[in-house]
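Remarks on the overall topology
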Amino acid sequence: MTIIKEVTLIRYFSAPKELVFKAFTNREMLMQWWGPHGFTNPECEMDARENGKWKINMHAPQLGFPNSWVEGVFTEIIPGEKLVFTTKGIFRPDGSHGLEGLNTVIFQEENGKTKLTLHAALTKLDKGFEMAANGMEQGWSESFEKLATLLTK
């Protein structure tokens, strides 16, 4: 597997690691925080088990992204500890993938908080999708800001 770009982020959440883990695997929770600021997620499918598929509609027409589907497969799940999942961005009218990646998320308890470590590796990037690659770190960071807000509700 060729890695085109990779990002590692560490974020601390004031919530139990089981709840933070659930936010990645629960359809209703994921819809509330996934994607950078300005994006909503009106549709989501979730089969949170190994080899289970997930799919979410990232919607931000004001930013030029109406109905931008992202999908993937959970390749490893250790409840409350670790998630590994693929990501395929479907931004073309014919439904083909302009980018693909592999994400590993580790959940650890540390000083009464959850330490989340994300490693996102981009493994495919077609011409015309450079903006998505360049925005990986910002996109995940903004998503985690939204997740932190959700976890304090």
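These remarks concern the structure in this document. (Residues numbered from 1 in each chain as written. Predicted model: local features only at pLDDT ≥ 70, side-chain atom pairs only at ≥ 80, totals over all residues. Heavy atoms only, no water.)

**Overview of the environment of Thr-25**
With respect to the helices and strands, the residue Thr-25 is situated in helix 1 (residues 17-25). Counting along the chain gives 75 residues from Thr-25 to Glu-100, while the straight-line C-alpha distance between them is 20 Å. Apart from the residues within four sequence positions on either side, Thr-25 is in contact with Met-46, Ala-48 and Leu-83. (Helix = DSSP H or I, 4+ residues; strand = E, 2+ residues; numbered from the N terminus. Contact = heavy atoms within 4.5 Å.)

**Observations concerning the packing of aromatic side chains**
For the structure shown, the criterion picks out 12 aromatic pairs. Ring geometry for Phe-13 against Phe-144: centres 6.1 Å apart, planes inclined by 90 degrees, an arrangement best described as edge-to-face. Placement of the pair is Phe-13 in strand 1 (residues 5-13) and Phe-144 in helix 4 (residues 136-151), with a sequence separation of 131 residues. In this structure Phe-13 comes out as buried when scored by relative accessible area, which is 2%. Three or more aromatic residues link up through ring pairs in this structure, and these residues are Phe-13, Phe-21, Phe-24, Trp-33, Trp-34, Trp-54, Phe-74, Phe-85, Phe-107, Trp-140 and Phe-144. Against the face of Trp-69 rests Lys-55, its NZ or CZ located 4.9 Å from the ring centre. (Phe/Tyr/Trp six-rings, centres within 6.5 Å; stacked < 30°, edge-to-face > 60°. Buried < 20%, exposed > 50% of the residue type's maximum accessible area, 1.4 Å probe, protein only. Lys NZ or Arg CZ within 6 Å of the ring centre and 35° of its normal.)

**Description of helix 4**
Over its 16 residues, helix 4 runs 22 Å from end to end, which matches the ideal 22 Å to within 8%, given 1.5 Å per residue. All of the buried residues along helix 4 are Met-136, Gly-139, Trp-140, Glu-142, Ser-143, Phe-144, Lys-146, Leu-147, Ala-148, Leu-150 and Leu-151. (Expected span 1.5 Å × (residues − 1).)

**Some details on the pattern of salt bridges**
Per the counting criterion, the structure on display carries six salt bridges. Linking Glu-81 and Lys-17 is a salt bridge whose minimum nitrogen-to-oxygen distance equals 2.6 Å. On the criterion of sequence distance, the pair formed by Glu-81 in the loop between strand 4 (65-78) and strand 5 (82-90) and Lys-17 in helix 1 is long-range, its members being 64 residues apart. Residue classification places Lys-17 among the buried residues on the basis of a relative accessible area of 11%. Note that Glu-28 and Arg-27 form a salt bridge whose closest N and O atoms lie 3.2 Å from each other. Since its relative accessible area comes to 45%, Glu-28 is described here as partly exposed. Connected via shared salt-bridge partners are Glu-100, Lys-124 and Asp-126. (Salt bridge = Lys/Arg side-chain N within 4 Å of Asp/Glu carboxyl O.)

**Description of unusual backbone geometry**
In this model, Asn-51 sits at a positive phi of 70 degrees, which is unusual for a non-glycine residue. Residue placement: Asn-51 occurs in the loop between strand 2 (40-46) and strand 3 (53-60). Of note in this structure, Asn-111 is not a glycine but carries a positive phi near 55 degrees. Along the polypeptide, Asn-111 turns up in the loop between strand 6 (97-110) and strand 7 (113-125). Relative accessible area serves as the criterion here: at 76%, Asn-111 is assigned to the exposed category.

**Thoughts on the nonpolar core**
Counting residues in hydrophobic clusters, the biggest one holds 39 residues, and the most contacted among them are Phe-24, Phe-144 and Leu-147. Residue contributions to this core peak at seven residues, all from helix 4. (Core = buried A, V, L, I, M, F, W, Y, C linked by side-chain atoms within 4.5 Å.)

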